[in-house]
Amino acid sequence: MALAAVMIVAFGFGSGADQDSTLVLNPRNPSVEVPDVTVPSRAAPMALGVVCALIGGVGLARGYRRRPYLALGVVLVLFIAALLIWAARGDDTNVLGLLTGTVRRSVPLALGALCGVLCERAGVVNIAIEGMMLSAAFTGALVASAAGMVWAGMAGGIAVGALLGLAFAALSIRYTVDQIVGGTVINIFALGITSFLTARVLVEYEDLNQPGSFGTIDIPLLARIPVLGPLLFQHTIYVYLMVGLALSVSYALYRTRWGLRVRAVGEHPRAADTAGINVTRTRYRAVVLGGGVAGLAGTFFSLDSAGSFQENMTAGRGFIALAALIFGRWDPLGALGAAMLFGFAEELQGRLALLDTPIPSEFLLMTPYIVTIFVVAGLVGRARPPAADGQPYVTS
Amino acid sequence: MTERGDRRRRIVGAALSGARSGALSGARRRLGALVLPALALVSALAVGGLVIVVSDPDALDAWGSFFTDPGRALGESASVVAGAYRALFESSLGSTRAIARTLREATPLLFAGLSVALAFRAGLFNIGAAGQLMVGAASAAYVGFTYELGAFVHLPLALAAGFAGGALWGGIAGLLKARTGAHEVITTIMGNFIALRLLDFALTTEAFQRPGRSDPITEPVAESARLQEVSRSFPVTWGLFLALASAALLWWLLERSTIGFRIRAVGANPAAARYAGMGVGATYLLSMGLAGGLAGLAGTVNVLGVPSFSLTPGYYQFIGFDAIALALLGRARPAGVVAAAVLFGVLRAGATGMQAATDTPVDIIVVIQALVIVFVAAPALVRAIWRVRTVRGAPGTAEGQAFTTNWGAS
């Protein structure tokens, strides 16, 4: 079955690559001079198509028994490269800018997905990521404006995220409210209260919605590497926090006693309880911690570059984070990777809309989502969540 | 009481509760089922009032002098809240026209809520009502303004097209889930985005865009395909009755038919259902198809029944998330969803009147909606606040109704 999906992706790619065109690919770098890469617009996608067909053929012949994901990943990357080359024919497109934008845009998705990892590994399904982020974005803007310090806003946002995490934990653990219900409630509540307060307070007192924003931090030395420097080491604090948190959550989950307990509670709470682990407390902690991470993700919206809060500014990204979590198979680093992919899709949309292509821009804009569906259908297949995910633990 | 004794009592209580609830008289049980939702609504309105007070400049000003003049603070707060709520209820239930407005708001909400509820019963989480709604509305509108037919043919045809469009969009997610195991949460979210772009695109094509207009809007649906109003004095379209009939039909399907049993069995435990010889994949496909069709009808009754009768970008997509709330509030039961849709209709219809009369932002109703859900979903919370003992095992208070049993598993 996975084979069939892989074939579809390979075929879809193949036809895309056969598009004729004249074009230039031009990664540019403002600070350090890197030669532009120019490729022939017709031959390059063709060549990529041939490579893809080869991979597909080999895979077919050998039945994809070994490393199916690798093959599919490679095909996907080639497909996107071909799409870009084709879309930018006769013109130039800034690939570096595209990738840098990807890193930036994946921040709230990755942090949101990390929140999901923490909660769901402990057995609590958290679809409230959206609400937590939105509330934190609002609080971040408000506190930062009032205190005149962006850091205060970030702290405030984290605190509100953790507080909502506590409320969510109380609902789902103490009151055993169904977790989907509890999460939905928090989402709706956050949307309502932030919109209400925006209309009531922020519109009237405009100086309460001028939080300023975090500046870019260049990592010494590393930031000066050509291409890689601007891509990875010239960002706001959020990008570094994202990578740091993903790594530390991964370490904590798989290498510490705390992580073992969290995972045990998520897989088999009764067994964990028997072994002397306090299931309730472990879940509370994980959810509150997750809430804090989601809060941090939320402050990104109002404090990273926007410099203000707008109604419903998270615009469903909490749900994309949820998708990234599932796509990343409930693993911190997997979630980071998935968030990068979705971030790339988001960034790609904005750029494709600017390029002049014969295909209506709306179809280009939906390509990332279609690709995601294919990837999920073919690549991930039946993802396995923690066994006790979503089930309240009640001692009898 | 010692902890041990307490625990033992609880075990016995749990074992007996099933038998006890069976012995209760039906009338008492039904009454018990109404107490908690009513208290939940009162609690939600009370907390909502608190939010209004806290954010009202006049009331806050009065609270500033609470210690010198407590009467003024309380009076001011009470008048602010009472004014807001009076306006809310007057413009939603205060007159025949207001009630009609409420029911008009409730109609698409009901369809969309039923859609998510049906998916829940099959163990599926349909976040894609928004996309299915847009595709359904677009299909119905296309049939509506492209052809000129007699009303007896045209209207049913447009409705069928709306259902089919939504069913197709939902069915794709169901098919992917059945064939490849792709998680429906991801595929339906992506489906929303794709539908949004697809509609954007359609509105620029000759087939859809109104001639002579540069902005993306369709032609109005032909007179023969419109849902007519029941009477001039009570301006509700037949769409409402269609929605109620769908709710009844869905109840029958779920509770009384073989297909419904299969849907519920797959929702409760897909592995057991498969072991019992049921086609789990086919059930997923069927459930998502039907759910999508219902969501499609939500858009259809709007485009065929609400003046303007034409599509615009992102048509009514916001209902998609309300739909989840409705299904949860109605506990995924058709009758519950009907009640929830009426409640949301009241809040929606009243909100604009409230904002006009008292300057309270409409968004307060969203807060109230969330509070109602949380209080309905957490009976223990309401009991703790009101210190009531409710009838155990009463319908509608079923604790432990789980929507998440199937999360991610297939």
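Moving on, we get to the overall build of chain A. Counting its regular elements, chain A contains 15 helices and two strands. For chain A, buried positions account for 53% of its 396 residues. Considering only intrachain contacts with a sequence separation of at least 6, the fraction spanning at least 24 residues in chain A is 78%.

Turning our attention to the overall build of chain B. Summing up its helical and strand segments, chain B has 16 helices and zero strands in all. The 410 residues of chain B split such that 54% are buried. Pairs at least 24 apart in sequence give 77% of the contacts found in chain B among residues at least 6 apart.

Turning to helix H10 (residues 258–268) of chain B, a few remarks are in order. Residues and elements named next belong to chain B. Those residues of H10 not exposed but buried are Arg262, Ile263, Val266 and Gly267. The buried residues of H10 occupy an angular sector of 135 degrees when the element is viewed end-on, so they sit on one face. The secondary structure elements touched by the buried residues of H10 are helix H5 (96–121), helix H9 (239–256), helix H11 (270–275) and helix H12 (280–305).

Residue and element names in this part refer to chain B. At a minimum axis distance of 10 Å, the contact between helix H13 (residues 319–329) and helix H15 (residues 364–377) shows a crossing angle of 30 degrees. Between H13 and H15, the crossing angle belongs to the class labelled roughly parallel. Here H13 runs over H15; the crossing is left-handed. Residue-level contacts link Ala325, Leu328 and Leu329 of H13 to Gln369, Val372, Ile373, Val376 and Ala377 of H15.

Once that is clear, we can look at the environment of Val135 of chain B. Residues and elements named next belong to chain B. Mapped onto the elements, Val135 comes out in helix H6 (residues 129–146). Its 30 C-beta neighbours within 10 Å are what place Val135 among the buried residues. Residues Val135 and Phe193, spaced 58 residues apart in sequence, show a C-alpha to C-alpha distance of 11 Å. Dropping the residues within four chain positions of it, Val135 is found in contact with Gly165, Gly166, Leu168, Trp169, Ala195 and Gly296.

This paragraph deals with unusual backbone geometry. All names here are of chain A. The phi dihedral of Arg329 is positive, around 55 degrees, even though this residue is not glycine. Looking at where Arg329 falls in the secondary structure, it is placed in the loop between helix H13 (317–327) and helix H14 (332–354). Positioned with a positive phi, Trp330 is a non-glycine residue whose angle comes to about 55 degrees. Secondary-structure assignment places Trp330 in the loop between H13 and H14.

All names here are of chain A. Inspection of the secondary structure assignment puts Phe138 in helix H5 (residues 129–147). Among the residues examined, Phe138 registers 31 C-beta atoms within 10 Å and is labelled buried. Each C-alpha atom of the pair Phe138 and Val243 lies 24 Å from the other, and the pair is 105 residues apart in sequence. If we skip the residues at most four places from it in the chain, Phe138 touches Thr194, Leu197 and Phe309.

When pLDDT is averaged along chain A, the result is 77; 71% of the residues meet or exceed 70. When the criterion is pLDDT under 50, residues 1–33 of chain A qualifies, and its contacts beyond four places in sequence or with other chains add up to 94 contacts.

All names here are of chain B. Across chain B, the average pLDDT comes to 81, with 86% of residues at or above 70. Scored below 50 in pLDDT, residues 7–24 shows ten contacts in the model against residues more than four places distant or in partner chains. With pLDDT under 50 throughout, residues 391–401 is counted as low confidence; its partners more than four residues away or in other chains account for 26 contacts. For this predicted complex, the interface confidence reaches an ipTM of 0.72, while the overall pTM sits at 0.77.

Our focus in this paragraph is the packing of H5 of chain B against H9 of chain B. Residue and element names in this part refer to chain B. Relative orientation of the contacting elements H5 and H9 amounts to 20 degrees, with a least axis distance of 9 Å. Taken together, the axes of H5 and H9 are roughly parallel relative to one another. Considering the relative orientation of H5 and H9, their crossing is left-handed. Only Gly239, Leu240, Ala243, Ser246, Ala247, Leu250 and Leu254 of H9 make contact with H5, whose side of the interface consists of Leu103, Thr107, Leu110, Phe111, Leu114, Leu118 and Arg121. Among the residues forming the contact of H5 with H9, the class breakdown is ten nonpolar, three polar and one charged.

In this section: the environment of Thr300 of chain B. All names here are of chain B. Tracing the backbone shows Thr300 in helix H12. Along the backbone, Thr300 and Gly165 are 135 residues apart, and their C-alpha atoms lie at a distance of 9.8 Å. If near-sequence neighbours (up to four positions away) are discounted, Thr300 is found in contact with Gly136, Ala137, Ala140, Leu159 and Gly162.

Cut-offs used in this document
Residues numbered from 1 in each chain as written. Chains lettered and ligands numbered in written order. Predicted model: local features only at pLDDT ≥ 70, side-chain atom pairs only at ≥ 80, totals over all residues. Helix = DSSP H or I, 4+ residues; strand = E, 2+ residues; numbered from the N terminus. Buried ≥ 20, exposed ≤ 12 C-beta atoms within 10 Å, placed from the backbone. Contact = placed C-beta atoms within 7 Å. Arc of directions from axis to C-beta. Axes fitted to C-alpha atoms, helices over the stretch in contact; angles between N-to-C directions. Parallel < 35°, antiparallel > 145°, perpendicular 65-115°, else oblique. Left-handed = near helix turned anticlockwise from the far one by under 90°. pLDDT = per-residue confidence, 0-100. Nonpolar A, V, L, I, M, F, W, Y, C, P; charged D, E, K, R; others polar.

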